[in-house]
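Fold and geometry: a report
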Amino acid sequence: MVRHASAFAEAAAAWIVDAIAAVLARRDRCSVALTGGNTPRAIYQRLADRHVDVPWGLLDIYFGDERRVPPDDPESNYRMAVETLLGSVPVEPARVHRMQGELEDGALAALEYERELPPALDILLLGVGADGHTASLFPGAPQLRERERHVVVSVSPLPPTGRLTITPPVIAAARRVAVIAAGGSKAQAVARALEGSFDPYTLPAQFALRGSWLLDDAAASLLRVVPA
Ligand code: 6PG
């Protein structure tokens, strides 16, 4: 499903609210993994505005990746999520599962997070980089071939270079996946992902092809076929 609307943040927030409701119609709790970066800021703020529409006490919040910085660092995905959403909604603090980006021992941080992750996430939100990366899985990276581990250390070509990330098996196991992309800088990566040949090792966002791609007009602007 390619959804692009002028009110991109509203549409993406609505998708998330609907997805949570669909999960809770069949299960008594819902796990949601947040994406980092800047695109989700406006979406998370809309979710906070609509906080009454979500039973936050039934959610477990996870992260798809994190920069290896302290949680109060301006580059922290956790900090961004707290500023835009988690600090404004009644989610149980013990149910917010933060990746420990501050740990010197990245392998330990990855192992500990792997133990916290459920076997399958109910909802996984992912972003897309202009280079086609998703989470902190970058083109050509060895982590793209990981089939056993669920969380690993990775290296970003752009700072902050130290990362923790979920691996392709976690994306494959997630029950619902949304890929969010906004802005013209993502248009080429989106078109290559959705309409180019399948090669997730050069375009990691293709690991999430089966997901719902939530795009604004600019990010969808190079698509040949734009389903309604
Ligand atoms: C991160 C994200 C990363 C992000 C893309 C897009 O830690 O940066 O998880 O995968 O989603 O880089 O980032 P923007 O939304 O800032 O363009």
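Please read all numbers here as calculations on a predicted model, not as lab measurements.

Not every one of the 15 residues close to the ligand is listed here, only the nearest: Thr39, Asp65, His133, Ala135 and Lys186. Within the backbone of Asn38, an N or O atom sits 2.8 Å from an oxygen atom of the ligand. Within the complex, 87% of the 410 Å² of free accessible area of the ligand lies under protein. Taken together, the residues of the shell around the ligand break down into two nonpolar, nine polar and four charged.

A few words now on the nonpolar core. Judged by nonpolar contacts, the single largest core of 72 residues is most densely connected at Ile20, Leu34, Ile61, Leu86, Ile123, Leu124 and Ile166. With 11 residues, the single largest contributor to this core is helix α1 (residues 8-24). If we skip the residues at most four places from it in the chain, Leu86 touches Leu34, Ile61, Phe63, Ala81, Val91 and Val96.

With that settled, the discussion passes to helix α3 (residues 77-86). Every buried residue belonging to α3 is among Asn77, Met80, Ala81, Thr84, Leu85 and Leu86, and all of these are buried. Buried residues along α3 cover an arc of 145° about the axis, so they all sit on one side. Tucked into the core, α3 has its buried residues touching β2 (30-34), α2 (40-49), β3 (59-63) and β4 (65-67). With a side-chain oxygen positioned 3.1 Å from the backbone nitrogen of Tyr78, the residue opening α3 is Ser76.

Moving on: the environment of Thr39. Note on placement: Thr39 falls in the loop between β2 and α2. Owing to a relative accessible area of 22%, Thr39 belongs among the partly exposed residues under this scheme. Thr39 sits 88 residues away from Gly127 along the chain, and the two C-alpha atoms are 7.5 Å apart. Contacts of Thr39, omitting those with residues within four sequence positions, involve Phe8, Ile180, Ala182 and Lys186.

Pairing within the open sheet is antiparallel, and its three strands lie in the order β4-β7-β6. At either margin of the open sheet sits one strand with a lone partner, and together these are β4 and β6 (151-155). Adjacent strand axes in the sheet meet at a mean angle of 25°, parallel and antiparallel pairs treated alike. Of the strand pairs in this sheet, β6 and strand β7 (residues 162-166) are connected by five bridges, and their pairing is antiparallel. Looking across to β7, one finds that Val153 is bridged to Leu164. Strands in contact with helix α4 (residues 106-116) are β6 and β7; relative to β6, the strand with the most contacts, it is inclined by about 145°.

Turning our eyes to something else, we now look at the packing of aromatic side chains. In this structure the tally under the stated criterion is three aromatic pairs. Against the face of Tyr78 rests Arg98, its NZ or CZ located 5.6 Å from the ring centre. Here Arg145 stacks its cationic end above the ring of Tyr201, 3.8 Å away from the centre of that ring.

Here we come to the pairing of β2. Put simply, side chains in a regular strand alternate between the two faces of the sheet. Most of β2 sits inside the fold, with five of its five residues counted as buried. Alternating positions in β2 separate into two faces, Cys30, Val32 and Leu34 on one and Ser31 and Ala33 on the other, with burial throughout. Across five bridges, β2 lies against β3 in parallel orientation. Its bridge partner being in β3, Val32 is matched across the sheet by Ile61.

This part is about the environment of Ile16. Tracing the chain through its elements places Ile16 in helix α1. For Ile16, a relative accessible area of 4% gives the class buried. A sequence separation of 162 residues divides Ile16 from Ala178, and the C-alpha atoms of the two residues are 8.4 Å apart. Contact partners of Ile16, with chain neighbours within four places excluded, come to Ile43, Leu47 and Leu125.

Burial along strand β9 (residues 212-215) is two-sided: Ser212 and Leu214 and Trp213 and Leu215, pointing in opposite directions, are all buried. Direction of pairing for strand β8 (residues 176-181) relative to β9: parallel, over a ladder of four bridges. When the sheet's bridge partners are listed, Ala181 is paired in β9 with Leu215. Viewed along the sheet, the connection from β8 through helix α6 (residues 187-195) into β9 turns out right-handed.

Conventions adopted
- Residues numbered from 1 in each chain as written.
- Predicted model: local features only at pLDDT ≥ 70, side-chain atom pairs only at ≥ 80, totals over all residues.
- Heavy atoms only, no water.
- Near = heavy atom within 4 Å.
- Polar contact = N/O pair within 3.5 Å; in protein donor to acceptor, adjacent residues only side chain to side chain.
- Areas by Shrake-Rupley, 256 points an atom, 1.4 Å probe, with all protein chains shown as cover.
- Nonpolar A, V, L, I, M, F, W, Y, C, P; charged D, E, K, R; others polar.
- Core = buried A, V, L, I, M, F, W, Y, C linked by side-chain atoms within 4.5 Å.
- Buried < 20%, exposed > 50% of the residue type's maximum accessible area, 1.4 Å probe, protein only.
- Helix = DSSP H or I, 4+ residues; strand = E, 2+ residues; numbered from the N terminus.
- Contact = heavy atoms within 4.5 Å.
- Arc of directions from axis to C-beta.
- Pairing = 2+ DSSP bridges.
- Axes fitted to C-alpha atoms, helices over the stretch in contact; angles between N-to-C directions.
- Phe/Tyr/Trp six-rings, centres within 6.5 Å; stacked < 30°, edge-to-face > 60°.
- Lys NZ or Arg CZ within 6 Å of the ring centre and 35° of its normal.
- Right-handed = clockwise from strand over helix to strand, strands pointing away.

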